[in-house]
Amino acid sequence: MAHLTGWLNLLEVEEEARKVLDKQAYDYYSGGSESKFTVQENRDVFARYKLLPRMLRDVSHIDMSCSVLGIQSSMPVWVAPMAMHGLAHPDKEVATAKGSAQMGVPYTFSTVATSSFEEIAATCHPNAVYQLYVIKNRDVVRGWVQKAERLGFKAVMVTVDAQRLGRREADERNRFTLPPHLALRNLEDLSATSQQVQARASQAGSGLTTLFASQVDDSLTWDFIPWLRSVTRLPIMLKGVLAPEDAERAVAAGVDAIVVSNHGGRQLDFAPSALEMLPAIVAVVKGRVPVLMDGGVRRGTDVLKALALGAHGVLLGRPLLYGLALGGQAGVERVLGLLKAELELAMALAGCAKLSDIGPHLLLPAPSTCASCSCQGGPRSRL
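Residues numbered from 1 in each chain as written. Predicted model: local features only at pLDDT ≥ 70, side-chain atom pairs only at ≥ 80, totals over all residues. Heavy atoms only, no water.

With respect to the overall build of the protein chain
Here is step 1 of the chain: Along the protein chain, the regular secondary structure elements total 14 helices and 12 strands.
Here is step 2 of the chain: At 20 Å, the protein chain has a C-alpha radius of gyration in line with the 21 Å of a compact globule built from 383 residues.
Here is step 3 of the chain: If one aligns the C-alpha atoms of the protein chain with their principal axes, the spans along those axes are about 65 × 50 × 40 Å.
Here is step 4 of the chain: Of all 383 residues assigned to the protein chain, the portion counted as buried reaches 57%.
Here is step 5 of the chain: When contacts within the protein chain are restricted to residue pairs at least 6 apart in sequence, those whose partners lie at least 24 apart make up 72%.
Here is step 6 of the chain: Accessible surface, the protein chain: about 15400 Å² in total, of which carbon and sulfur atoms supply 51%. (Helix = DSSP H or I, 4+ residues; strand = E, 2+ residues; numbered from the N terminus. Rg over C-alpha atoms; globule rule 2.2 N^0.38 Å. Buried < 20%, exposed > 50% of the residue type's maximum accessible area, 1.4 Å probe, protein only. Contact = heavy atoms within 4.5 Å. Areas by Shrake-Rupley, 256 points an atom, 1.4 Å probe, with all protein chains shown as cover.)

Notes on the state of the cysteines
Here is step 1 of the chain: Overall, the coordinates contain zero disulfides when judged by the stated rule.
Here is step 2 of the chain: Cysteine cysteine 66 is unpaired, with the sulfur of cysteine 352 as its nearest cysteine sulfur at 15 Å.
Here is step 3 of the chain: Residue classification places cysteine 66 among the buried positions, given a relative accessible area of 15%.
Here is step 4 of the chain: The exposure class of cysteine 352 is buried, given its relative accessible area of 2%. (Disulfide = S-S within 2.5 Å.)

Notes on the nonpolar core
Here is step 1 of the chain: Counting residues in each nonpolar core, the largest one holds 114 residues, and the members touching the most others are Tyr130, Leu132, Ile258, Val260 and Met293.
Here is step 2 of the chain: The element that contributes the greatest number of residues to this core is helix H14 (residues 318–350), accounting for 15 residues.
Here is step 3 of the chain: Every residue in contact with tyrosine 130, bar those within four places of it in the chain, is listed here: Phe109, Thr111, Phe117, Trp144, Val145, Ala148, Phe153, Ala155, Val156 and Met157.
Here is step 4 of the chain: Formed by 12 residues, the second largest nonpolar core is a distinct cluster that contains Trp78, Met157, Ala257 and Val259. (Core = buried A, V, L, I, M, F, W, Y, C linked by side-chain atoms within 4.5 Å.)

Remarks on the packing of helix H4 (residues 92–102) against H14
Here is step 1 of the chain: At a closest axis distance of 8 Å, the pairing of H4 and H14 adopts a crossing angle of 20°. Accordingly, the angle class assigned to the pair H4 and H14 is roughly parallel. Viewed along their axes, H4 and H14 form a crossing whose handedness is right-handed. Together, Lys92, Ala95, Thr96, Lys98, Gly99, Ser100 and Gln102 of H4 and Leu324, Gly328, Gln329, Val332, Glu333 and Leu336 of H14 make up the contact between the two elements.
Here is step 2 of the chain: The class makeup of the residues in the contact of H4 with H14 is four nonpolar, six polar and three charged. (Axes fitted to C-alpha atoms, helices over the stretch in contact; angles between N-to-C directions. Parallel < 35°, antiparallel > 145°, perpendicular 65-115°, else oblique. Left-handed = near helix turned anticlockwise from the far one by under 90°. Nonpolar A, V, L, I, M, F, W, Y, C, P; charged D, E, K, R; others polar.)

Some thoughts on the packing of helix H13 (residues 300–308) against H14
Here is step 1 of the chain: Their axes nearest at 7 Å, the elements H13 and H14 cross at an angle of 60°. In terms of their interaxial angle, H13 and H14 are classed as oblique. For the pair H13 and H14, the crossing hand works out as right-handed. Facing H13, whose interface residues are Gly300, Thr301, Val303 and Leu304, H14 presents Leu339, Glu342, Leu343, Ala346, Met347 and Ala350.
Here is step 2 of the chain: Along the lines of polarity and charge, the residues of the contact of H13 with H14 split into seven nonpolar, two polar and one charged.

Digging into empty space enclosed by the protein
Here is step 1 of the chain: Counting across every chain of the model gives two cavities of 30 Å³ or more.
Here is step 2 of the chain: Volume-wise, the largest cavity comes out at about 450 Å³.
Here is step 3 of the chain: Across the lining of the largest cavity, the residue classes tally to 15 nonpolar, nine polar and six charged.
Here is step 4 of the chain: Estimated volume of the second largest cavity: approximately 70 Å³.
Here is step 5 of the chain: Every residue along the wall of the second largest cavity is listed here: Thr111, Val112, Tyr133, Ile135, Leu187, Leu190, Leu211, Phe212, Gln215 and Val216.
Here is step 6 of the chain: Of the residues that constitute the lining of the second largest cavity, the class distribution is eight nonpolar, two polar and no charged. (1 Å grid on protein atoms, 1.4 Å probe; cavity = no way out; pocket = protein on both sides within 12 Å on 5 of 7 lines; lining within 4 Å. Points joined across faces, edges and corners; volume = space filled by probe spheres on them.)

Observations concerning the packing of aromatic side chains
Here is step 1 of the chain: This model, assessed by the stated rule, comprises 10 aromatic pairs.
Here is step 2 of the chain: Note on tyrosine 28 and tyrosine 29: the rings are 5.9 Å apart at their centroids and 55° apart in plane angle, and the pair reads as tilted.
Here is step 3 of the chain: Tyrosine 28 gets classed as buried once you look at its relative accessible area, which sits at 6%.
Here is step 4 of the chain: Joined through ring pairs, the aromatic side chains of Phe109, Phe117, Tyr130 and Phe153 make up one cluster.
Here is step 5 of the chain: The ring of tryptophan 227 has arginine 138 sitting right over it, with the charged end atom 5.9 Å from the ring centre.
Here is step 6 of the chain: Just above the ring of tryptophan 7 sits the side chain of arginine 334; from NZ or CZ to the centre is 4.9 Å. (Phe/Tyr/Trp six-rings, centres within 6.5 Å; stacked < 30°, edge-to-face > 60°. Lys NZ or Arg CZ within 6 Å of the ring centre and 35° of its normal.)

Overview of the side chain of arginine 318
Here is step 1 of the chain: Residue position: arginine 318 is located in helix H14.
Here is step 2 of the chain: Although arginine 318 is buried, it forms no salt bridge, and the closest oppositely charged side chain is glutamate 14 at an N-O distance of 6.8 Å.
Here is step 3 of the chain: At a separation of 2.8 Å, a polar atom in the side chain of arginine 318 contacts the main-chain carbonyl oxygen of tyrosine 29.
Here is step 4 of the chain: In this structure, arginine 318 is in contact with Tyr29, Ser30, Gly31, Val39, Met82, Gly264, Arg266 and Arg298, ignoring residues within four places of it in sequence. (Lys, Arg positive; Asp, Glu negative; His and termini not counted. Salt bridge = Lys/Arg side-chain N within 4 Å of Asp/Glu carboxyl O. Polar contact = N/O pair within 3.5 Å; in protein donor to acceptor, adjacent residues only side chain to side chain.)

Laid out in structure tokens, this is it:
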């Protein structure tokens, strides 16, 4: 396919996808909140760490396989939860699930998807995870979570940083609405007017903002975790944690894993990057639960740096949507394949034959785990 040969890395794929996506879709996928400072910061922070390779190590065989909560992966990368894959390709989330399954990578299915639970289950992905936006109707929430468990999803990932939708000015300018040939399949379970829950009802601005304002529970507190535990046996992952104090509280509440994330820079502008906060959160968690991160990952060396700072893995987002737009399932596979090849090479050149060889000794300058000290900002101020 011609669209799959014109780009060699996850930075170039965006420019190629921009040529084939309509403006509303591209602006939705690429956009961030307000000034988009945090979107850019998510990329810039990786450049503040240098890698110090070690020599004379046997790297004739590189093992990148790993397991988090019993969820197997060929490399420490998961597909992040992302909404509305149908804006990119007719095969929608099904193509993303099939592509990630082919590459041996866990797939996270969004509440705001244009495919159904049943369609994803039919792909027979062995390591699919369900991402949950907590809406006000707890009966519907219970139904979603129990359906995920019944259909073989491996965990529920609760997004906690979207109690309200960040102001995404590109979507407001475009007056974002879901195209009529698509539907938010999970939200068909709601009794509200179909126009509203399908992100099509807005007198001004973004229909998605109207949807979130009407349905998502902005009164959510830590009491939700024991309630969720009472309705499912699935492991509970908490996505959207940035403050070490929240990480400590999450562990105390009994969550099974934490995803350090600022929602791809789409929520609170000027929030810190996940990579910047990762060392402090790893230090607080002290190995009691796995810690993953997302935001700005574009290179194999980015994955290596996140692992060196203590992450058990990273979630990959936008590049997969761009690959999907360019080639459906094959595009998803190419994005994951490129990242896997880059990580394998980076590990070999750094002298790491397996994931347990990766640690803070690879980084210059040495990362600080202090989030609030005299250096005012921990690792970032030293870089």
